[in-house]
Amino acid sequence: MSSTESSKHEGFTAEERAAMKDHAQELKTAARRDSRGGKAAEKAAEAEREVLTKIAEMQDSDRIMAERVHAVIAASAPVLTPKLWYGMPSYALDGKIVCFFQSAEKFKARYATLGFSDQAKLDEGTMWAAGFALTEVTAEVEARIGELVKQAAS
């Protein structure tokens, strides 16, 4: 590799480092929550409050889309539990992330993303989409998200 090629790699971006710090904090918070004991319903409610707080901190267009995505997921797949994952609203089944909302602002992208992990049961032949760009959440988009999360959580 030439020195020009090696000098282009600068490691993680500031946004990626921030996401890793968010995740470390989320793990600490979850550990404290678990060590306190308490009821599962109380822990789930606290995790959802954290997700809603993170959504409320987003810029207008991302916040509006994240609020709609959250509502659609809650209505379409109530078996999924909200939790923060690398500072992003995410939704888990049995503690494993199934899907997440990534704001455009988080990684300075031109669109927000609804992503699905390998835990999502979206298999369709030998190739299928695991991420979707979002520029607006219309009634049609809400319906598609509802279908996807129902399938992902089945």
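Structure's up top.
Residues numbered from 1 in each chain as written. Predicted model: local features only at pLDDT ≥ 70, side-chain atom pairs only at ≥ 80, totals over all residues. Heavy atoms only, no water.

Enquirer: A description of the packing of helix α4 (residues 60-76) against helix α5 (residues 139-152) should follow, citing residues and the corresponding values.
Expert: Two elements in contact, α4 and α5, have axes whose closest approach is 9 Å; the angle formed by their N-to-C orientations is 45°. Relative to α5, α4 is oriented oblique. Between α4 and α5 lies a crossing of right-handed hand. Judged by residue contacts, Arg-68, Val-69, Val-72, Ile-73 and Ser-76 of α4 engage Glu-142, Ile-145, Gly-146, Val-149 and Lys-150 from α5. (Axes fitted to C-alpha atoms, helices over the stretch in contact; angles between N-to-C directions. Helix = DSSP H or I, 4+ residues; strand = E, 2+ residues; numbered from the N terminus. Parallel < 35°, antiparallel > 145°, perpendicular 65-115°, else oblique. Left-handed = near helix turned anticlockwise from the far one by under 90°. Contact = heavy atoms within 4.5 Å.)

Enquirer: So what's going on with the pairing of strand β3 (residues 96-102)? Residues and values would help.
Expert: Of all the seven residues making up β3, six are buried; the element is thus mostly covered by neighbouring parts of the structure. Between strand β2 (residues 88-93) and β3, which follow one another and run antiparallel, lie two residues, and Asp-94 among them has a positive phi close to 55°. Both β3 and strand β4 (residues 112-116) contribute to a ladder of four bridges, which runs antiparallel. Its bridge partner being in β4, Gln-102 is matched across the sheet by Thr-113. (Buried < 20%, exposed > 50% of the residue type's maximum accessible area, 1.4 Å probe, protein only. Pairing = 2+ DSSP bridges.)

Enquirer: Requested: an account of the packing of aromatic side chains, with residues and values cited.
Expert: On inspection of all chains with the given rule, the structure shows three aromatic pairs. Arranged with centres 5.3 Å apart and planes meeting at 80°, the rings of Trp-85 and Tyr-86 form a pair that is edge-to-face. Residue Trp-85 is classed as partly exposed on the basis of its relative accessible area, which comes to 24%. Looking at Tyr-86, the relative accessible area reads 28%, which means it is partly exposed. Aromatic ring contacts, followed pair by pair, group Trp-85, Tyr-86 and Phe-100 into a single cluster. (Phe/Tyr/Trp six-rings, centres within 6.5 Å; stacked < 30°, edge-to-face > 60°.)

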